[in-house]
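Chain by chain, the residues run as shown.
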Amino acid sequence: MSELTVIIGLFLFALGASVGSFLNVLIYRTRKNQPWLAGRSVCESCKKQIAWYDNIPLLSFVLLFGKCRRCRKPLSISHPVVEGLTGLLFVWWYAVGFFFFQLSQQPFVMLQPIFWLFVGLILLFIFIYDYRYYIIPDWTVIALTSMALLYRIALVVAGIMRPEDFFWTVFGAVAASGFFYAIWLLTKRKGIGFGDVKLAAPLGLLMGWPVVWIGLWLATVVGAIIGVLLIALGKAKFGKPIPFGPFLIIGTLLALVWGDALISWYATLV
Ligand SMILES: [Zn+2]
């Protein structure tokens, strides 16, 4: 690894952590129904404005021992976690993702990696939000659906994706959503949240056909394993809901990276 690579990596981590800091503000303000760009950040306990030097991503949390300078109440652990995760997302994107997503055709050489970086940020937002508040804001689903649909259409227009594959992808997204809708109805609205029904559609558009089914299957498997672990550790109870959105996102990420490999492997078995 060259010196320049390390410097760019550190810069991107810091940039990502700052974006993560903003993501936290968006999460908090979406929850409180406040406008996104309404003034400076305030302490969630004493409502006093936070000075810029107490608002440095990751660093301030460590220097303040995770407490507000004025009221000494603990700051939400969500700050350093989201900042750190976003920093890692940026570094991963630079080191692996950029080449992983890159298409050789213009304008997708640049467009495609940037598209996936934004998708990563929205997925991180939904992950944290559903984990914390057991709800998936509609605007995140709408944003993700529009982005994914435009992306697929752009691929068809550019001749990278065949129209019949586009049809199957849209069909898969609708079917995934419909499948969850059926579960939602059958379990009398308790098995999964309606947010999961809606989220399945854009995730299906991102995964494409037939990877979408691998993604849903992986989400269920990971969800079941974590659910059993949480119950065994006494952190969750039967009948008490665990948000499914984070598992849907984990399943989607796994399927995006290994979905095709899993399908080929499965084909050799049959
Ligand atoms: Zn405070």
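Residues numbered from 1 in each chain as written. Predicted model: local features only at pLDDT ≥ 70, side-chain atom pairs only at ≥ 80, totals over all residues. Heavy atoms only, no water.

**A word on the overall build of the protein chain**
Check the secondary structure of the protein chain and you find nine helices and zero strands. In the protein chain, the succession of helices and strands from N to C terminus is α-α-α-α-α-α-α-α-α. A compact globule built from 270 residues should have a C-alpha radius of gyration of about 18 Å, and the protein chain, at 20 Å, falls within 12% of that. The principal-axis extents of the C-alpha atoms in the protein chain amount to approximately 60 × 50 × 35 Å. With 270 residues in all, the protein chain has 40% of them scored as buried. When contacts within the protein chain are restricted to residue pairs at least 6 apart in sequence, those whose partners lie at least 24 apart make up 66%. As displayed, the protein chain offers around 15700 Å² of accessible surface, 72% of which is attributable to carbon and sulfur atoms. Here the protein chain contributes 21 positively and 10 negatively charged side chains, and the mean placements of these two sets differ by 17 Å. (Helix = DSSP H or I, 4+ residues; strand = E, 2+ residues; numbered from the N terminus. Rg over C-alpha atoms; globule rule 2.2 N^0.38 Å. Buried < 20%, exposed > 50% of the residue type's maximum accessible area, 1.4 Å probe, protein only. Contact = heavy atoms within 4.5 Å. Areas by Shrake-Rupley, 256 points an atom, 1.4 Å probe, with all protein chains shown as cover. Lys, Arg positive; Asp, Glu negative; His and termini not counted. Charge placed at Lys NZ, Arg CZ, Asp CG, Glu CD.)

**Considering the packing of helix H4 (residues 108-133) against helix H7 (residues 194-207)**
Direction vectors running N to C along H4 and H7 enclose 160°, while the axes themselves pass 13 Å from each other. Compared by their axis directions, H4 and H7 come out roughly antiparallel. Crossing hand, H4 versus H7: left-handed. Residues Phe 115, Trp 116, Val 119, Leu 123, Ile 126 and Asp 130 of H4 touch H7, and the partners they reach there are Asp 196, Leu 199, Leu 203 and Leu 206. Among the residues making up the contact of H4 with H7, the classes are represented as eight nonpolar, no polar and two charged. (Axes fitted to C-alpha atoms, helices over the stretch in contact; angles between N-to-C directions. Parallel < 35°, antiparallel > 145°, perpendicular 65-115°, else oblique. Left-handed = near helix turned anticlockwise from the far one by under 90°. Nonpolar A, V, L, I, M, F, W, Y, C, P; charged D, E, K, R; others polar.)

**Section: the coordination of the zinc ion**
The textbook angles at a metal center are 109.5 degrees for a tetrahedron of four donors and 90 or 180 degrees for an octahedron of six. The coordination sphere of the zinc ion contains the protein donors Cys 43 (SG), Cys 46 (SG), Cys 68 (SG) and Cys 71 (SG), at a distance range of 2.3 to 2.4 Å. Taken in sequence order, the residues that donate to the zinc ion follow the motif C-x2-C-x21-C-x2-C. On the criterion of sequence distance, the pair formed by Cys 46 in the loop between helix H1 (3-31) and helix H2 (59-63) and Cys 68 in the loop between H2 and helix H3 (78-101) is long-range, its members being 22 residues apart. Looking at Cys 46, the relative accessible area reads 24%, which means it is partly exposed. Note on Cys 68: relative accessible area 8%, which makes it buried. (Donors = N, O, S within 2.8 Å, 3.2 Å for Na, K, Ca; no water.)

**Some thoughts on the pattern of salt bridges**
Within this structure, the stated rule accounts for four salt bridges. Ionic pairing is found between Glu 164 and Arg 162, a salt bridge with its closest N-O pair at 3.7 Å. Residue Arg 162 pairs with Asp 165 through a salt bridge whose shortest N-O separation is 3.1 Å. The exposure class assigned to Asp 165 is partly exposed, which follows from its relative accessible area of 29%. The network of salt bridges with common partners includes Arg 162, Glu 164 and Asp 165. (Salt bridge = Lys/Arg side-chain N within 4 Å of Asp/Glu carboxyl O.)

**Focus: the domain arrangement of the protein chain**
Domains assigned within the protein chain are domain 1 (1-101) and domain 2 (104-270). For domain 1 versus domain 2, the separation of C-alpha centres amounts to 25 Å. Across the boundary between the two partners, domain 1 contributes 18 residues, which contact 20 residues of domain 2. Summing both sides of the interface, domain 1 and domain 2 together bury roughly 1800 Å²; the carbon and sulfur share of this comes to 80%. Inspection of the domain 1/domain 2 interface yields zero salt bridges. At the surface where domain 1 touches domain 2, the tally comes to three residue pairs in polar contact (both at pLDDT 80 or more). (Domains from an automatic or database assignment. Buried area = accessible area lost by both parts, 1.4 Å probe. Polar contact = N/O pair within 3.5 Å; in protein donor to acceptor, adjacent residues only side chain to side chain.)

**As for helix H6 (residues 163-186)**
Its 24 residues give H6 an end-to-end C-alpha distance of 34 Å, which sits within 8% of 34 Å, the value for a rise of 1.5 Å per residue. All of the buried residues along H6 are Thr 169, Gly 172, Ala 173, Ala 176, Ser 177, Phe 180 and Trp 184. On its buried side, H6 packs onto helix H5 (138-157), H7, helix H8 (211-232) and helix H9 (245-269). Positive backbone phi, approximately 55°, marks Lys 188, located one or two places after H6. (Expected span 1.5 Å × (residues − 1).)

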